[in-house]
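Here is how the chains run, residue by residue.
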Amino acid sequence: MEIIKIVILSLSSLMLVFVGIMRLSNPIKTYAKNSGIKLENDASLLNEMRGVSAVMLCAGIIILLGVFIEKLIFTSFVVASLIFVGFAIGRLISLKADGKPSKQITQGILFELILGAANVFCLISICC
């Protein structure tokens with residue numbers, strides 16, 4: 001596998017695994033520190049946050065497996081593309097509908113767009 005594909009999969013997986021673990025273990029502190037969002041100690045809200053965090057963690061693990069298991073490279077790029085492009089699209093829709101978010105979230109949008117585009121590019125290069 002080309003080194004650039006390994007780097008893209010590694011960065012994508014590490015970001016999702018790290019964010020997934022942090023938000024899963026302590027969503028109130030993590031959201032406040034990384035996004036400037038103050039979550040209430042509401043069981044339903046925290047349940048939703050931890051659910052999305054677990055999906056991010058699992059996606060990160062699947063993407064990371066693509067670095068080590070050649071048969072999972074395609075699947076890893078599909079998952080990474082869907083996660084990062086999906087988050088970016090949702091955030092861009094929110095930007096239009098809800099207004100400009102905090103600086104931290106705006107930086108997150110940029111990372112999601114960059115990693116999403118990089119994963120889509122690698123996915124296309126595998127297919128064609």
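What this report covers is the structure whose coordinates are included nearby. (Residues numbered from 1 in each chain as written. Predicted model: local features only at pLDDT ≥ 70, side-chain atom pairs only at ≥ 80, totals over all residues. Heavy atoms only, no water.)

**A look at the overall build of the protein**
Then, in step 1: Helix and strand counts for the protein stand at five helices and zero strands.
Then, in step 2: Ordered by position from N to C terminus, the α and β elements of the protein give α-α-α-α-α.
Then, in step 3: For the protein, contacts bridging at least 24 residues in sequence account for 69% of all contacts bridging at least 6.
Then, in step 4: Accessible surface, the protein: about 7900 Å² in total, of which carbon and sulfur atoms supply 70%.
Then, in step 5: Side chains of the protein carry 11 positive and 7 negative charges; the gap between the two charge centres is 7 Å. (Helix = DSSP H or I, 4+ residues; strand = E, 2+ residues; numbered from the N terminus. Contact = heavy atoms within 4.5 Å. Areas by Shrake-Rupley, 256 points an atom, 1.4 Å probe, with all protein chains shown as cover. Lys, Arg positive; Asp, Glu negative; His and termini not counted. Charge placed at Lys NZ, Arg CZ, Asp CG, Glu CD.)

**Quick word on the packing of aromatic side chains**
Any pair of aromatic rings gets described here by the distance separating the centres and the angle formed by the planes.
Then, in step 1: Tallied over the entire structure, the rule returns zero aromatic pairs.
Then, in step 2: The side chain of Arg-23 reaches across the aromatic face of Tyr-31, ending 4.3 Å from its centre. (Phe/Tyr/Trp six-rings, centres within 6.5 Å; stacked < 30°, edge-to-face > 60°. Lys NZ or Arg CZ within 6 Å of the ring centre and 35° of its normal.)

**Thoughts on the environment of Asn-47**
Then, in step 1: Within the element layout of this structure, Asn-47 appears in helix α3 (residues 43-68).
Then, in step 2: Residues Asn-47 and Pro-27 lie 20 residues apart in sequence; the distance between their C-alpha atoms is 9.7 Å.

**Observations concerning the side chain of Lys-5**
Then, in step 1: With respect to the helices and strands, the residue Lys-5 is situated in helix α1 (residues 3-25).
Then, in step 2: On the accessibility criterion, Lys-5 (11% relative accessible area) is buried.
Then, in step 3: Here Ser-125 takes part through its side chain, which lies 3.4 Å from a polar atom of the side chain of Lys-5.
Then, in step 4: Apart from residues no more than four positions distant in its own chain, Lys-5 is found in contact with Phe-77, Cys-122, Ser-125 and Ile-126. (Buried < 20%, exposed > 50% of the residue type's maximum accessible area, 1.4 Å probe, protein only. Polar contact = N/O pair within 3.5 Å; in protein donor to acceptor, adjacent residues only side chain to side chain.)

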